[in-house]
Amino acid sequence: MFTLQGSPELIVSEVIQNTQKIYIPIYQRRYSWGKEQLQRLVDDMQTARDHDLKQYFIGSLILDTSQTGISEVAVIDGQQRLTTISLFLIALRDIMVNTNPETSRMITERYLIDSYDHSSLHHNRLKPVPGDEEQYIDVLIHGESAQPSLFASNYQFFRDLINTSSLTASTWFSLLRTQLQTMVITVQPGDDAQLIFESLNSTGLSLTESDKIRNYLLMSLSSEEQSKAFETWQEIERIVHPENISTFYRHYLTSLARSSKPVKKGRIYIDYRQYIGLKPGFDRYAELQIEKDVALIYAQIQFPNDYDFSDPRTKQLLDRLSELKLDVMMPYLLQVFNKYQEQKITLNSLNEVLAVLLSYLARRLFVGMPSTGLNNFFSSLDRQVTRLSQNRNISYDTALKVVLTHTVKENKIFPNNQVVHQALVTKDYYHIRTESFWFIMNELNNLHGEPQDLFKKSENGSYSIEHIMPQTLSNAWQKSLGENWHDIQMTWLNRLANLTLTGFNSQMSNHLFLEKRDAPNGYRMSGIKLNQDLANVSSWNTAALEQRQEDLYSRILEVWPIPQVPDLAIKNTDWISLEDTDPKGKKPLAFKFHQQSSQPIKSWKELYFDVANLLWLNNPAAFFQMANNDSEWLVKYTSEVDSPDYRELSGPNDGQPISLFAGNSSATERKKYMQRLLSASGDSLDNVEIRLNQPHA
């Protein structure tokens, strides 16, 4: 809890006048108010005057004196208003310098400068963040002669307003001094400034999740410590790019594997505070240094072409993976690169992991498997692979191959060659996502020889998707295909064998094959390696299409190979996460919870009750909470049970007894019940390992 000292004060004649120095902490956003916000302030002031209001409330100020003193404050919230009103005062000062020099001088001395401040060259009371302060001082000193900036523009807005308004400069000054009132909330020693800010900041631009993290890290530090920490924060922003900073923190938190689920976008700050900020011995600056190191890994993965790597293969694989634009794999890649940096895996193993992931994701894209659930999958993948690597005493990359080809659910399994070939000979590739087509063609084109970046050239418009046999067949095309031309077109039109990338003029697209082959920039003269195979084709018919289809298939097998793990199929003695188990048709033999010693079981029903009893013993409050929910039927107070389909749980006797649904259910349903119980207890299926008695084909 925190206590607040709050009082209504006039923002100019009390807050600004009675404060020698007003600091905008370096973790705050830069000044950003534009004409819309300025006009609203002016309109509000005029409305207050027109209605003869004694004071007009313009929101709250949160001021922190805990790191300074009563005459020096740091602005936790309200810097946009304070800065804007200071610019208004500068404009009034400059306009009144000739018409009312005494008032002009009074504005300077009471509200704009502190003559006794010998720590700054210009004695300015308001001290914006670095980058802003220079522009503010420029306006403070030079007025209309200041260099172009947001501060100069807003200063000029107020000058123009005063010069064109029916109100005099003295009247505007009086309104500022006597009518603008704010609720001043002062942070006391021991108060949590960040919590106060979150509780009260409900107007203006919403803070991003990274804004909240930055404020949390820097707020409690002294000014000197803030400057040092803020430099590190700025380095992190520069490394990952400012627009990616919240996303970076989401992936960083997910990579810490606090849960088998990814961190939700709206909970990045909450989870950061809970899992990092509140841990014993939390050191803000030390944590920033850790995050800077992780940020560098993130940037190397995200922007591989901006960095040098010890092995060019690493860079090449990351560059190819980046074209898939699958942000969901970032937490897993952070975990893998961290293992490499800590020398837990070799460089060769790292590259093998990247190559396997590339083949896995490329094949999934090629056959049209949806990406649904991949964020959850990659959030828990490292745990599965590490567990198997340790249990079987095999390398990390080999364990990854086993997991992807043998142990994951059917909808996450590595697409085999048969599935890939089936897609190649049946799938419509013309209507897939354009970027996916570019990726496929770029990968197949670059199998041999010097790489050609077809993806980026297609992205900038140099190449477009081309039907070799066109969508609209002329009589000449029909004749060249023979009497079955319609069946041939319907069968082959949008298959990959009939598609390519070219720089053709669109007028050429319906021309005969030989004309397109021999035209300037045609297939024969094409710079695209994949098209040069068409140079020796004399006619485009079923035979040519079948040949190209087989050639493409050979390329696919080579460019995206399926991992070979001949002697490493999962044996009956292997432990597997319940999260990754489809219980249908399988029999459990034993289970472990959170790496505890194993317990034998004979059925899924027995597993269900054993897990429930362990959770009940560890966290009875979660079960009481479920039982208190009128719509909950899985867990009930024993006294409220009115059906024989419930069994009382053994365990704590210091509260009302609890019963669990025990009716007839399938193994799949019981897994869902366990998931609900685990989730309610803050746990997950990933922490339940089982051993199955199920032979593998």
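Remember, predicted model here, so these are calculated numbers, not experimental data. The residue numbers shown here count from 1 along each chain, following its written sequence. Predicted model: local features are reported for residues with pLDDT of at least 70 only, side-chain atom pairs are reported and counted for 80 or more only, and whole-chain, interface and lining totals are derived from all residues. Note: side-chain values were computed over all heavy atoms of the structure, leaving out hydrogens and water.

### Let's talk about the overall build of the protein chain
To be explicit about the condition: Runs of H or I in DSSP of at least four residues are treated as helices and runs of E of at least two as strands, each being numbered from the N terminus. As a reference, a globule follows 2.2 Å times the number of residues to the power 0.38, and the radius of gyration itself is taken over C-alpha atoms. Working definition: with a 1.4 Å probe on protein chains only, accessible area under 20% of the residue-type maximum means buried, over 50% means exposed, and in between means partly exposed.
Tallying secondary structure elements over the protein chain gives 29 helices and 15 strands in all. Its C-alpha atoms give the protein chain a radius of gyration of 34 Å, more than 25% over the compact-globule value 26 Å for 697 residues. Each principal axis of the C-alpha atoms in the protein chain carries an extent, and together these give about 95 × 85 × 50 Å. The burial tally for the protein chain puts 52% of its 697 residues in the buried class.

### Considering the nonpolar core
Filter applied, for reference: Buried residues of nine kinds, namely Ala, Val, Leu, Ile, Met, Phe, Trp, Tyr and Cys, make up a nonpolar core once their side-chain atoms join them within 4.5 Å. Any two residues having at least one pair of non-hydrogen atoms within 4.5 Å are treated as being in contact.
Of all hydrophobic cores here, the largest spans 102 residues; its most connected members are Phe248, Tyr249, Tyr332, Phe366 and Leu496. The biggest single contributor to this core is helix H16 (residues 347-367), with 12 residues. When sequence neighbours within four positions are dropped, the list of residues in contact with Phe248 reads Ile236, Val240, Glu291, Val294, Ala295 and Tyr298. In this structure, Val12, Ile16, Met45 and Ile137 belong to the second largest nonpolar core, which totals 54 residues.

### Focus: helix H9 (residues 209-219)
Each α-helix winds once per 3.6 residues, and so residues spaced three or four apart point in a common direction. Across the 11 residues of H9, 10 count as buried, placing the element largely inside the fold. Listed as buried for H9 are Glu209, Ser210, Asp211, Ile213, Arg214, Asn215, Tyr216, Leu217, Leu218 and Met219.

### Let's talk about the environment of His51
Structurally, His51 is set in the loop between helix H2 (35-50) and strand E3 (56-69). His51 sits in the exposed class, given a relative accessible area of 56%. For the pair His51 and Thr314, spaced 263 residues apart in sequence, the C-alpha to C-alpha distance is 70 Å.

### Considerations on the pattern of salt bridges
What counts here: Salt bridges are identified by distance alone: a Lys or Arg side-chain nitrogen within 4 Å of an Asp or Glu carboxyl oxygen.
Applying the stated criterion across every chain, the model contains 25 salt bridges. Put simply, Glu36 and Arg40 hold a salt bridge, and the shortest N to O gap is 3.3 Å. Of this pair, Glu36 and Arg40 both sit in helix H2, four residues apart, roughly one helical turn. Given the relative accessible area of 44%, Arg40 is considered partly exposed. Salt bridges here are not isolated pairs; linked through shared partners, they connect Arg29, Asp211 and Arg214.

### Here we look at the packing of aromatic side chains
So the rule is basically this: Note on ring pairs: Phe, Tyr and Trp rings are taken, using the six-membered ring of Trp, and paired if centres are within 6.5 Å. Classes follow the plane angle, with under 30 degrees stacked, over 60 edge-to-face and the rest tilted. Charge-over-ring contacts are defined here by two conditions on Lys NZ or Arg CZ: a distance within 6 Å of the ring centre and an angle within 35 degrees of the ring normal.
Taken as a whole, this structure holds 33 aromatic pairs when the rule is applied. Of the aromatic side chains, those joined through ring pairs into one cluster are Trp233, Phe248, Tyr249, Tyr252, Tyr272 and Tyr298. In this structure, Lys427 packs its charged tip against the face of Tyr429, placed 5.7 Å from the ring centre. Here the basic side chain of Arg495 rests over the ring of Trp492, its NZ or CZ set 4.4 Å away from the ring centre.

### Some details on the sheet that holds strand E12 (residues 635-637)
Convention followed: Strands pair, by our definition, only if DSSP identifies at least two bridges between them. In this analysis an axis means a line fitted to C-alpha atoms, helices contributing only their contacting stretch, and an angle means the value between N-to-C directions, from 0 to 180 degrees.
Read from one edge to the other, the open sheet built from three strands follows the order E12-E14-E13, with strand pairing classed as antiparallel. Whereas interior strands pair on both sides, the edge strands pair on one side only; in this sheet they are E12 and strand E13 (646-648). The average undirected angle you get between the axes of adjacent strands in this sheet is 35 degrees. Bridge count between E13 and strand E14 (residues 658-661): three bridges; the pairing is antiparallel. Considered in E14, the bridge of Tyr646 is made with Phe661. The strands touched by helix H27 (residues 604-618) are E13 and E14; relative to E14, the strand with the most contacts, the crossing angle is about 150 degrees.

### Concerning the environment of Leu63
Inspection of the secondary structure assignment puts Leu63 in strand E3. Residue classification places Leu63 among the buried positions, given a relative accessible area of 6%. Residues Leu63 and Glu640, 577 residues apart in the sequence, show an inter-C-alpha distance of 54 Å.

### Let's talk about the confidence of the model for the protein chain
Our working definition: A residue's pLDDT is the predictor's confidence in that residue, given on a scale from 0 to 100.
Scored by pLDDT, the protein chain has a mean of 87; 92% of the residues are at 70 or more. When pLDDT is averaged over each element of the protein chain, H16 comes out on top at 97 and helix H8 (residues 193-200) at the bottom at 59.

### Re the side chain of Thr103
Selection criterion: Any pair of N or O atoms that falls within 3.5 Å is considered a polar contact. Within protein, one atom must be able to donate a hydrogen and the other to accept it, and sequence-neighbouring residues count only if both atoms are side-chain atoms.
Within the fold, Thr103 resides in helix H4 (residues 101-112). Polar contacts involving the side chain of Thr103 include one to the side chain of Asn100, which spans 3.0 Å. For Thr103, the residues in contact, after removing those within four places along its chain, are Met96 and Phe173.

### Concerning the pairing of strand E10 (residues 588-593)
Of all the six residues making up E10, five are buried; the element is thus mostly covered by neighbouring parts of the structure. Across five bridges, the pairing between E10 and strand E15 (residues 688-692) is antiparallel. Following the sheet pairing, Ala590 is matched in E15 by Arg691. Bridging between E10 and strand E11 (residues 599-600) involves two bridges; their strand directions are antiparallel.

### Some thoughts on the pairing of E14
As a general feature of sheets, a regular strand has side chains that alternate between the two faces. Where E12 meets E14, three bridges bridge the pair, whose relative direction is antiparallel. Residue Tyr637 lies in a different strand from E14, and its bridge partner there is Ile658.

### With respect to the sheet that holds E15
Strand pairs in the sheet, formed through backbone hydrogen bonds, run parallel or antiparallel to each other. Pairing is antiparallel across the open sheet formed by four strands, whose spatial order is E9-E15-E10-E11. Two strands close off the open sheet at either side, each with one partner strand: strand E9 (575-577) and E11.

### Some remarks on unusual backbone geometry
At His241, a residue that is not glycine, the phi angle is positive and equals roughly 80 degrees. The topology assignment puts His241 in the loop between helix H10 (223-240) and helix H11 (245-255). On the basis of relative accessible area, His241 is assigned to the partly exposed category, the value being 26%. A positive phi angle is found at Gln343, which is not glycine, with a value near 60 degrees. Position of Gln343 among the secondary structure elements: in the loop between helix H15 (330-341) and H16.

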